[in-house]
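Below are the chains, spelled out letter by letter.
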Amino acid sequence: MKNARVLVVEDEEDIYELIRYNLRREGFDVSGAESGELGLNSIESQLPDIVLLDLMLPGVDGLEVCRTLKSKSETRSIPIIMISAKGEESDIVTGLELGADDYIAKPFSPKILIARVRAVLRRHQKNAQTNPDGVLKVHDLVIDPTRFQATLGGEPLQLTKDEFQLLLFLAQHPGWVFTRYQIVDGIKGEDYVVTERAVDVRIVGLRKKLGEHNHYIETVRGIGYRFKES
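Residues numbered from 1 in each chain as written. Predicted model: local features only at pLDDT ≥ 70, side-chain atom pairs only at ≥ 80, totals over all residues. Heavy atoms only, no water.

So, the pairing of strand β3 (residues 50-54)
Then step 1. Within β3, five of the five residues are buried, which leaves the element mostly enclosed by the surrounding structure.
Then step 2. Burial along β3 is two-sided: the residues Ile-50, Leu-52 and Asp-54 and Val-51 and Leu-53 are all buried.
Then step 3. Where strand β1 (residues 5-9) meets β3, four bridges bridge the pair, whose relative direction is parallel. If you follow Val-8 over to β3, its bridge partner there is Leu-52.
Then step 4. Across four bridges, the pairing between β3 and strand β4 (residues 80-85) is parallel. Pairing of Leu-53 across the sheet is with Met-82, part of β4.
Then step 5. One crossover worth recording links β3 to the parallel β4 by way of helix α3 (residues 62-71), and it is right-handed. (Buried < 20%, exposed > 50% of the residue type's maximum accessible area, 1.4 Å probe, protein only. Helix = DSSP H or I, 4+ residues; strand = E, 2+ residues; numbered from the N terminus. Pairing = 2+ DSSP bridges. Right-handed = clockwise from strand over helix to strand, strands pointing away.)

Right, here's the structure in full:
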């Protein structure tokens, strides 16, 4: 993870310098771009390992940069952490639905930023904590997709089909924040019509069956849900 190439697309020089200083001190290779256009040009010339992307940029804004990167096969897999100001909640949701991996709000702690960068890079390297036989093991959970079975602490969980698919989807991406519609798309497909309330109901039911381990599924206020990272 050290020497990972980080591109910071940020037009506020003081924030860029804060990010660059702290990431370089931790061994990251950091470069910057002060606009969306320059950021896209930089990525075309050399693919970074991760992009820190401010949402409020002159010209091409952060959401358009995110949309462009996720629409191209050669840049789709590059992880993106959005940097947002308070009050940009709707833009954060849009960015996550476009494919961004995480977000951090200004003002932020450099330690938190570094932790988020490492976590996202780690998740992309590991992708999912899955054994060669396809069995997923995370926390005290063991999920076998081929047998449609899940156990918690060695005890079988009695889950409905929807609850099983929801648990598997979230557990495959520990630490990732998903909006309700991303969850539906990941489980049912983009053409499946369901309300946000239906997702919330499934989450409530799943948490009840997880019992004292219901904290594995975390609510991210105003955004959606994520599975607790190991």
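Topic: the environment of Asp-91
Then step 1. Note on placement: Asp-91 falls in helix α4 (residues 89-98).
Then step 2. Asp-91 sits in the partly exposed class, given a relative accessible area of 24%.
Then step 3. Expressed as a C-alpha distance, the spacing of Asp-91 and Met-56, which sit 35 residues apart in the sequence, is 9.8 Å.
Then step 4. In this structure Asp-91 touches Leu-55 and Leu-63, once residues within four positions along its chain are discounted. (Contact = heavy atoms within 4.5 Å.)

Details of the sheet that holds strand β5 (residues 102-106)
Then step 1. The strand order across the open sheet formed by five strands is β2-β1-β3-β4-β5, and the pairing between neighbours is parallel. Each edge of the sheet is formed by a strand with only one pairing partner; in this case those strands are β2 (29-33) and β5. Adjacent strand axes in the sheet meet at a mean angle of 20° when their direction is disregarded.
Then step 2. Relative to the sheet, helix α2 (residues 36-45) contacts β1, β2 and β3, its axis offset from that of β1 by approximately 160°.
Then step 3. Packing against the sheet, α3 makes contact with β3 and β4, and its axis sits at approximately 150° to β3. (Axes fitted to C-alpha atoms, helices over the stretch in contact; angles between N-to-C directions.)

Notes on unusual backbone geometry
Then step 1. In the segment running from Lys-106 into Pro-107, the intervening peptide bond is cis, with an omega of -10°.
Then step 2. Relative to the helices and strands, Pro-107 is located in the loop between β5 and α5 (110-126).
Then step 3. In this model, His-139 sits at a positive phi of 55°, which is unusual for a non-glycine residue.
Then step 4. Looking at the secondary structure, you find His-139 in the loop between β6 (136-138) and β7 (141-144).
Then step 5. For His-139, a relative accessible area of 31% gives the class partly exposed.

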